[in-house]
Amino acid sequence: MDDYPNSQPVLAPLHLVLISLHGLIRGQNLELGRDADTGGQILYVVELLRALAAHPRVGRVDLLTRRIHDSNVADDYARQDETLPDLPKAHIIRFPAGPDEYLPKEALWPYLDDFSDHAMEYLRQQSPSLIHSHYADAGYVGMRLALQLGVPLVHTGHSLGRSKRQSLLASGESERTLEKKYRLSQRIRVEEEILATASLIITSTQDEIDRQYGMYDWANAERMRVIPPGVNVSRFEPRPQPSPPISTELRRFLRAPQKPPILALSRPDERKNIAGLIHAYGQNPGLQTRANLVIVAGTRDDIRDMAAGPRRVLTEILLLIDRYDLYGRAAYPRYHRPDDVPDLYRWAAGLGGVFINPALTEPFGLTLIEAAACGLPILATENGGPKDIIANCQNGLLIDPLDITGMGDKLLDMLRNTDNWKRFANNGIAGVRRHYSWQTHVEQYLAALNALPFAAPQRQDIAPPDERITADRLLFLGARLLDPASTPEQQAELVTLLHHHRRKVAFGLVSFRPLHELLALLKQRRMSIPDILITRGGTQIHYGASLSRDQGWSRHIGVDWQGDRVYDLLAETPGVQLVGRSGQGLYAVHGFIHSDVVFSGLAALNDQLRNNDIPGRLIALNPQEFLVVPQRASFGFAIRYMADRHDIALNHILVIGSAYADLDLLGGNILAAQVGGEKDLQQHEDIYQSQASGLPGAMEAITHYDFLSNNAAI
């Protein structure tokens, strides 16, 4: 890893938290290419972890990922805490999320709230400076953690849902198939929310900002910075490598192994356009005479046992090699180790070969800078990040990945023109060290962080006596379960039960109503004020009969809240009616839709807030009412704040029934139930579905969880 000779430590070292959920992540011996999820992103985040931990300004770096207990993968991925032996400031921390076994990234979405809660429990004991999420799944988790901790969110997308949907639709996939396979609508919705929440978006190229993020409604180029990934130049360097171990495997395929190789290295993915490269080679006799073709497409045992996508790609590779009768001229090894990768580049460079990335589109192209660092000239797709790499390094040529003839001609020309080949090789070695070392990346990264609104995560105040919860369990009901009125017998049963267990269980109500309306409802029902009231969509927390307001929660959600600007924007929105400012909450603006004819819809209103750079969360209460509250406010966040403040485990909290328009209330590690009448709530396998409505449904849920028993399994 690079050193930082000109950097000086600061008095308050940064504690950085990286999140990357999918794939197989460990500190050593990465299994790159094992599957579609264990590729360039995994290498990126582990190298970033190492580079940041080596910098004197950084005190600690945690990489949070998913814990995996699966006999099909190494035990390394089940370790909760892995400290890199050569970098004691670098830690990989693993948390459970869903089933124990290894899952593809598309299957992780239902379990992200669970991961968030486990991560939050860990981070509450730390003092992280910021959260840096990688890919949309980690971005969802990162938003929740950053908003609860009150620290900035930095995000790197790696690839984007809208771009993926566009390219797959163009390839002939149907919208229904894409949704079933990739859950793209959920991913794109989360990506929009990330763009609205993050303080900084890090991209690899300007093309990523212009063309890919340009497809998003809430993208703001002012919050984006181009910081290209680095390459480990001590590992990828141009030392002579005439006969590395992998060359023995390659010679089995090649009649004339001394010829210059055309090297392609990627996972077996249709978007990598390996088939296009084989067509270009197979249709160009001069190219076949001049060079061998070497395709390293991940690792495999039995192609028939692989997932459908890789199986299809590898089968096509074999069929095309047979079609063009490329036996003896094309190598396609089944296995390679991570240590073989730099050897492959150096071996190809030593024979005067070239490296090619013929992908239909490439967000960045990490293999291109690895090859360049080893002195291997490159040809790369003109679609995406390679444009920046070749512009910076002047070490190769761009190709149209759909122009098969042109691809073959450019390959042959580069192999024949030795003067250009030498110039490209030397330019690549120098250019990577100038533009793409990890030292350069980290210096630019930390410079970008200087502009962020750093604030130490708020430590919880000690609760005053009238706010102190001494019970070890919390029961929350949605106030809607009290309206319409239940029978006196049902209400009396609940009140008696709660009174009997009052030392063990604290009782709370959550409501979108303002406090005075909820108090009026309680008075009408002749119910005492509960221990906790969470009102106005999670913006206010009050305690007991004294109605003491939690000032710490108000301070937390009030950061960056622009209530006057929200009110003014809504007042000018056609079709929206507001009560006066005096009737609004401190941290909520309540609006009514009085004319569907002129009102453009809540989605458009949300866009207005984003376009005017007004941070807020828009909550639909019913078809005619909505709230706008601070980003940090929600029922779910309020309950988690209380759990931490009063030292109550999340699985000692039962929430029943009221999550309309705020579904995070019923996610994660909190026990949850949905009563029979709550038809708007999202179905989730961990949420108990009570058959009865109203308070009888609540009693059913309490019984289901055995929540009040001394022997309850909570």
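Each chain carries its own residue numbering, running from 1 in the written order of its sequence. For this predicted model, a pLDDT threshold of at least 70 governs which residues receive local features, and a threshold of 80 or more governs which side-chain atom pairs are given and counted, while totals over whole chains, interfaces and linings are taken from all residues. Excluded from the side-chain calculation are hydrogens and water; included are all heavy atoms of the structure.

Focus on the sheet that holds strand β17 (residues 532-535)
Two strands pair under a simple rule: DSSP has to find at least two bridges between them. A helix here means a DSSP run of H or I that spans at least four residues, while a strand means a run of E at least two residues long, and both kinds are numbered starting from the N terminus. Taken together, eight strands build an open sheet; the order of strands is β19-β18-β17-β16-β15-β24-β25-β26 and the sheet is mixed. The sheet is open, and its two edges are formed by β19 (548-549) and β26 (688-689), each paired on a single side. Taken together, the four bridges between β17 and strand β18 (residues 540-543) define a ladder with antiparallel strand orientation. The partner of T535 across the bridge, within β18, is Q540. Each of β16 (505-510), β17 and β18 touches helix α19 (residues 515-525); the most contacted strand, β17, lies at about 130° to it. The contact criterion used is simple: two residues touch if any of their non-hydrogen atoms lie within 4.5 Å. Axis definition: a line fitted to C-alpha atoms, limited for helices to the stretch in contact. Angles are taken between N-to-C directions and run from 0 to 180 degrees.

Looking at the packing of helix α3 (residues 135-149) against helix α6 (residues 184-197)
At a minimum axis separation of 9 Å, α3 and α6 run at an interaxial angle of 45°. Relative to α6, the element α3 is oriented oblique. Pair α3 / α6 crosses with left-handed handedness. From α3, Y135, A136, G139, Y140, M143 and L147 reach across to α6, where they touch R187, V190, E191, E193, I194 and T197. As a working rule, the residues Ala, Val, Leu, Ile, Met, Phe, Trp, Tyr, Cys and Pro are called nonpolar, Asp, Glu, Lys and Arg charged, and the rest polar, with Gly in that last group. Split by residue class, the contact of α3 with α6 holds seven nonpolar, two polar and three charged. Geometric relationships in this document are graded by angle, where less than 35 degrees denotes roughly parallel, more than 145 denotes roughly antiparallel, 65 to 115 denotes roughly perpendicular, and other angles denote oblique. In a left-handed crossing the near helix is turned counterclockwise from the far helix by less than a right angle, and in a right-handed crossing that turn is clockwise.

Thoughts on a negative patch on the surface
Patches in this entry comprise residues that are over 30% relatively accessible and not in a salt bridge; like charges within 9 Å are linked, as are nonpolar side chains (Val, Leu, Ile, Met, Phe, Trp, Tyr) within 5 Å. For the area figures, the Shrake-Rupley method with a 1.4 Å probe applies, and any residue is considered shielded solely by the protein chains shown. Here, a salt bridge means any side-chain nitrogen of Lys or Arg that lies within 4 Å of a carboxyl oxygen of Asp or Glu. Positive residues here are Lys and Arg, negative ones are Asp and Glu, while His and the chain termini are left out of the count. By convention, the point assigned to a charge is CZ for Arg, NZ for Lys, CD for Glu and CG for Asp. Judged by side-chain charge, E382, D400, D403, D409 and D413 come together as a negatively charged surface patch. On the secondary structure map, D413 appears in helix α15 (residues 404-416). The rule is simple: take the accessible area with a 1.4 Å probe, protein chains only, and divide by the maximum for that residue type; under 20% is buried, over 50% is exposed, in between is partly exposed. With a relative accessible area of 44%, D413 lands in the partly exposed category.

Examining the nonpolar core
Working definition of a nonpolar core: buried Ala, Val, Leu, Ile, Met, Phe, Trp, Tyr and Cys residues. They are joined through side-chain atoms within 4.5 Å. In this structure, I262, Y345, Y445 and L449 are the most contacted members of the largest nonpolar core, which totals 105 residues. Tallying contributions element by element places helix α1 (residues 40-53) first for this core, with ten residues. Counting residues in hydrophobic clusters, the runner-up holds 52 residues, among them W561, L609, L618 and L627.

Focus on the sheet that holds strand β10 (residues 292-296)
A sheet is described by the order of its strands in space; here six strands give the open sequence β11-β10-β9-β12-β13-β14, paired in parallel fashion. One side of each edge strand has no neighbouring strand; the edge strands of this open sheet are β11 (330-331) and β14 (396-399). Here five bridges tie strand β9 (residues 261-265) to β10, and the two strands are oriented parallel to one another. Counterpart to L263 in the pairing with β10 is V294. On top of the sheet, helix α12 (residues 340-350) reaches β9, β10 and β12 (354-357); it is set at about 155° to β9, its chief contact.

Description of the pattern of salt bridges
Should their charged atoms come close, side chains of opposite charge can pair. Per the counting criterion, the structure on display carries 31 salt bridges. For D117, the salt bridge is made with R640, and the minimal N-O distance between the two is 2.7 Å. Pair noted here: D117 is in helix α2 (residues 112-123) and R640 is in helix α23 (residues 635-645), with a separation of 523 residues, a long-range link. Overall, D117 belongs to the buried group, its relative accessible area being 3%. R581 serves as the salt-bridge partner of D568, at 2.5 Å between the closest nitrogen and oxygen.

Here we look at helix α22 (residues 602-611)
Every buried residue of α22 is accounted for by L605, N606, L609 and R610. For α22, the buried positions fall inside an angular range of 145° around the axis, keeping them on one side. Buried positions along α22 lie against α6, α21 (563-571), β22 (617-622) and β23 (625-629). Backbone geometry just downstream of α22 places D613 in the positive-phi region, at approximately 55°. The arc refers to the directions leading from the helix axis to the C-beta atoms.

Describing the state of the cysteines
Cysteine sulfur atoms are paired as a disulfide whenever they fall within 2.5 Å. Counted under the stated rule, the structure contains zero disulfides. Unpaired in this structure, C374 has its nearest cysteine sulfur neighbour in C393, at a distance of 13 Å. You can call C393 buried: its relative accessible area is 3%.

A short note on α1
Given a helix with a known number of residues, its expected span is that number minus one, times 1.5 Å. In this model α1 runs 20 Å from its N-terminal to its C-terminal C-alpha over 14 residues, within 8% of the 20 Å that 1.5 Å per residue would give. Counted residue by residue, α1 has 13 buried out of 14 residues, so it is predominantly covered.

What to know about unusual backbone geometry
Phi at Y135 takes a positive value of approximately 80°, unusual for a residue other than glycine. Positionally, Y135 belongs in helix α3. A relative accessible area of 6% places Y135 in the buried class. Phi angles above zero are rare outside glycine, and H158 is one such case at about 70°. Its location among the elements puts H158 in the loop between β6 (153-156) and α4 (161-170).

Here's the deal with the environment of L627
If you trace the backbone, L627 turns up in strand β23. Judged by its relative accessible area of 1%, L627 is buried.

Re the pairing of β16
In terms of burial, β16 is a largely internal element, six of the six residues being buried. The side-chain alternation of β16 yields two buried faces, one formed by V505, F507 and L509 and the other by A506, G508 and V510. When strand β15 (residues 473-478) meets β16, the two strands line up parallel, connected through six bridges. Note that in β16 the partner of R473 across the bridge is V505. Pairing between β16 and β17: three bridges, direction parallel. Each bridged residue has a counterpart across the sheet, and for V510 the counterpart in β17 is I534.

Topic: the packing of aromatic side chains
The pairing test for Phe, Tyr and Trp rings, Trp by its six-membered ring, is centres within 6.5 Å, and the orientation test on the planes gives stacked under 30 degrees, edge-to-face over 60, and tilted for anything in between. This structure, assessed with the given rule, holds eleven aromatic pairs. When the centroid spacing of 6.2 Å and the interplanar angle of 55° are considered together, the rings of Y213 and Y216 count as tilted. A relative accessible area of 2% means that Y213 is categorised as buried. Exposure remark for Y216: the relative accessible area of 5% places this residue in the buried category. Sitting above the plane of the W218 ring, R610 keeps its charged end 4.6 Å from the centroid. Geometrically, a charge over a ring is one whose NZ (Lys) or CZ (Arg) sits within 6 Å of the ring centre while staying within 35 degrees of the ring normal.

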